[in-house]
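The lines below spell out each chain.
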Amino acid sequence: MKFEYDILVIGAGHAGCEAAAAAANLGMHTCLMTMDMNKIAQMSCNPAIGGIAKGQIVREIDALGGYMGIITDKATIQFRMLNRSKGPAMWSPRAQCDRNKFSNIWRETLENLPNLNIWQDCATELIVEDGKAVGVKTQLGAEFRAQCTIITAGTFLNGLMHIGKVQIEGGRIAEPTSKGLTESITRHGITAGRMKTGTPVRLDKRSIHLELTDVQEGDHDFHQFSYHPIERNLQQSPCWGCYTNPEVHETLRSGLSESPLYNGQIQSIGPRYCPSIETKIVTFAERDRHLLFLEPEGETTQEIYVNGFSSSLPMEVQLTALRKIPALKDAVAYRPGYAIEYDYFDPTQLTHTLESKVVDNLYFAGQVNGTTGYEEAAGQGIVAGINAALKLKGEEPFILHRDEAYIGVLIDDLVTKGVDEPYRMFTSRAEYRILLRSDNADMRLTEKAHRIGLASEERYKRLQKKKEKIAQLTEFIETFSVKANIINAGLEALGTTPLTRGCKLSSIIERPQITIETIAEYIAPLKNRLEKLGAEREEIIEATEIEIKYKGYIDRERELAQKMQRLENIRIKGRFDYNNIESLSTEARQKLNAIQPETLAQASRIPGVSPSDINVLLVMVRK
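Cut-offs used in this document
Residues numbered from 1 in each chain as written. Predicted model: local features only at pLDDT ≥ 70, side-chain atom pairs only at ≥ 80, totals over all residues. Heavy atoms only, no water. Phe/Tyr/Trp six-rings, centres within 6.5 Å; stacked < 30°, edge-to-face > 60°. Helix = DSSP H or I, 4+ residues; strand = E, 2+ residues; numbered from the N terminus. Buried < 20%, exposed > 50% of the residue type's maximum accessible area, 1.4 Å probe, protein only. Lys NZ or Arg CZ within 6 Å of the ring centre and 35° of its normal. Pairing = 2+ DSSP bridges. Axes fitted to C-alpha atoms, helices over the stretch in contact; angles between N-to-C directions. Contact = heavy atoms within 4.5 Å. Polar contact = N/O pair within 3.5 Å; in protein donor to acceptor, adjacent residues only side chain to side chain. Arc of directions from axis to C-beta.

Draft legend 1. How the structure looks around the packing of aromatic side chains. If you walk through the whole model with that rule in mind, you get eleven aromatic pairs. With a centroid separation of 6.0 Å and an interplanar angle of 65°, the aromatic rings of Tyr67 and Trp106 are classed as edge-to-face. With a gap of 39 residues between them, Tyr67 in the loop between helix H2 (54-63) and helix H3 (68-75) and Trp106 in helix H4 (residues 99-111) connect regions that are remote in the sequence. Overall, the relative accessible area of 1% leaves Trp106 in the buried class. Taking 5.7 Å as the distance between ring centres and 75° as the angle between the ring planes, the aromatic pair formed by Phe79 and Phe225 counts as edge-to-face. A residue pair is termed long-range when its members are at least 10 positions apart, and Phe79 in strand S4 (residues 76-82) and Phe225 in the loop between strand S13 (214-216) and strand S14 (239-243) qualify at 146 residues. Of the two residues, Phe79 and Phe225, both sit in the buried class. Aromatic rings pair up to connect Phe3, Tyr5, Trp119 and Phe144 into one cluster. One residue, Arg84, lies across the ring of Trp91, its end atom 4.2 Å from the ring centre.

Below, the structure written as structure tokens:
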């Protein structure tokens, strides 16, 4: 049988779901292919969304009209805003989710989207004709034809799991691997490699002595992921913390000879910033304890995810070590932790639209590009889905720059620098992170998404009303004068220095001890304005306060971004034969020739290309 579509998405993980939804919502006849419809958007590792920098990506996906934020809010059983003790550039939302409900809500969402079909099958061969991807062949013997194909196969391509000496083929525990697709892609000149990730043991909560753990409650304020108003209807749950100890470490060391990571069984590289417990005790041998978080997998399930104890050691070593922890002395496991090796493709062979430079109309998104994490995958997925649709419409590509979104930083890092280990997003990777806060993702991106037809009219109107209210509140605060004799009692009560003379209200709000809410108790006109803000009151106040308190930092960073934009506007692709420019360093010639950067700014971010090499190119451009 033959099936014909505009866009075909292979894999229904977090990247595939966002890609398929974006393409369908942009009017493309789309098919999402998955090996198991009951595992759509499965949380293969921890049952949580967000975290440091990852939470910002989820808010950006939501601002663009994606679904991860909405579905996370519906499936949340604990929400926390991380890094609140630091500045707002570092604030990162994170939600513990009900794993099954998260997947079920995603499936329900996708099944009811116009223009989208789902097909349960395994793609085994990419079909390429005249240098263009035109579809795939499947395990069931079907042939799917599409104008654009998006590969989002996660860890399933030649996936191999390790538990001690035991090796099991599969893309996840109890799920089959995907064979043949990698080989059919690489025969066209696309480079593949191997990476490794892992997951920890799952425990039965009834066997844990929770009274011996530290309880970690969630937040109960207005924060959430989506800019849509969504109620949390699930029962909220705490997480629990405990520590390993020297006895645990000694047990783990006794099993290192059987660890696939240390006996040569695993050759590929794992994620630096999410190491296995055996890697921790070797790399940080001087530490006598490591923090573990016990995280619930759902609202009603007893299953507990042991965050911080990822391992591929033999089962008996994992469980014996865990039982050396007082709270886990009687621990009963559902299944052990394991490592998994899988194929990925060199992301430097992609453009910023995530289309292949080697095969036209072929896009890659998610872990197949060398990333790790649901959020990084979903961010790539929505960009790939948007760009495949825009290409078929004959419209300009949708590219997010480094000063516009963490998604822009992510994609630019991948296609410019490549990966030599699984890539994980951090706030430190973004040079303009004060501009890329979690509170302002809608202000940055929703108008862009509305212009291309992805963000709904309702979402756009909601944004316009919010911007208007923020502008009005900001203008009031910047122009309203306060008198010392009226406000000083309030300032002293709030623990800050009283005034010697009157000043603008904005000068008071700039003080670290003062918030708009607390000072409003002493300024009636401000209090009256806040009471009229409506349902989004807290969100508007927070956004306004951040802009006022951090105005100097924001303006300075925006100025730096504008300076870099000048280099972004200098396009160099196709203008030079780098091999013949002798004034460039040998490494620069090699790297520039391999990456073929679009702009001078992108060239400046390629590892091995020095500032002097950029000056050489700048001189040549001017000539």
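Draft legend 2. Structural context of the sheet that holds strand S3 (residues 48-50). With respect to topology, three strands assemble into an open sheet ordered S3-S5-S4, the strand pairing being antiparallel. The open sheet has two free edges, formed respectively by S3 and S4, since each of these has just one partner strand. Across this sheet, the average inter-strand angle for adjacent strands is 15°, counted without regard to direction. Sheet topology places S3 next to strand S5 (residues 92-97); three bridges connect them, and they run antiparallel. Within the sheet, the bridge partner assigned to Ile49 lies in S5 and is Ala95. The sheet contacts of H3 involve S3, S4 and S5, and relative to S4 the element is tilted by about 115°.

Draft legend 3. The side chain of Thr213, seen in detail. Along the chain, Thr213 falls in the loop between strand S12 (192-204) and S13. Residue classification places Thr213 among the buried positions, given a relative accessible area of 10%. Here the side chain of Thr213 touches Leu210 through a polar contact of 2.6 Å, landing on its backbone oxygen. Setting aside anything within four residues of it in sequence, one finds Thr213 in contact with Trp240, Gly241, Cys242, Leu294 and Ala327.

Draft legend 4. Examining helix H19 (residues 586-595) more closely. Of the positions making up H19, those classed as buried are Ala588, Arg589, Leu592 and Ile595. Buried residues along H19 cover an arc of 150° about the axis, so they all sit on one side. Looking at H19, the residues exposed on the side facing more than 90 degrees away from the buried face are Gln590 and Ala594. Buried residues along H19 sit in contact with helix H10 (406-417), helix H20 (600-604) and helix H21 (611-622). Gln596 sits one or two positions beyond H19 and adopts a positive phi of about 50°.

Draft legend 5. Expanded view of the pairing of strand S16 (residues 303-310). With respect to burial, S16 is a largely interior element, seven of its eight residues being buried. In terms of strand pairing, S12 meets S16 through four bridges, oriented antiparallel. Pairing of Arg202 across the sheet is with Tyr305, part of S16. Relative to S16, strand S15 (residues 291-296) runs antiparallel, the two being bridged by four bridges. Note on S16: the bridge partner recorded for Pro296 is Ile304. Where S15 folds back on S16, the antiparallel hairpin that results is connected by six residues.

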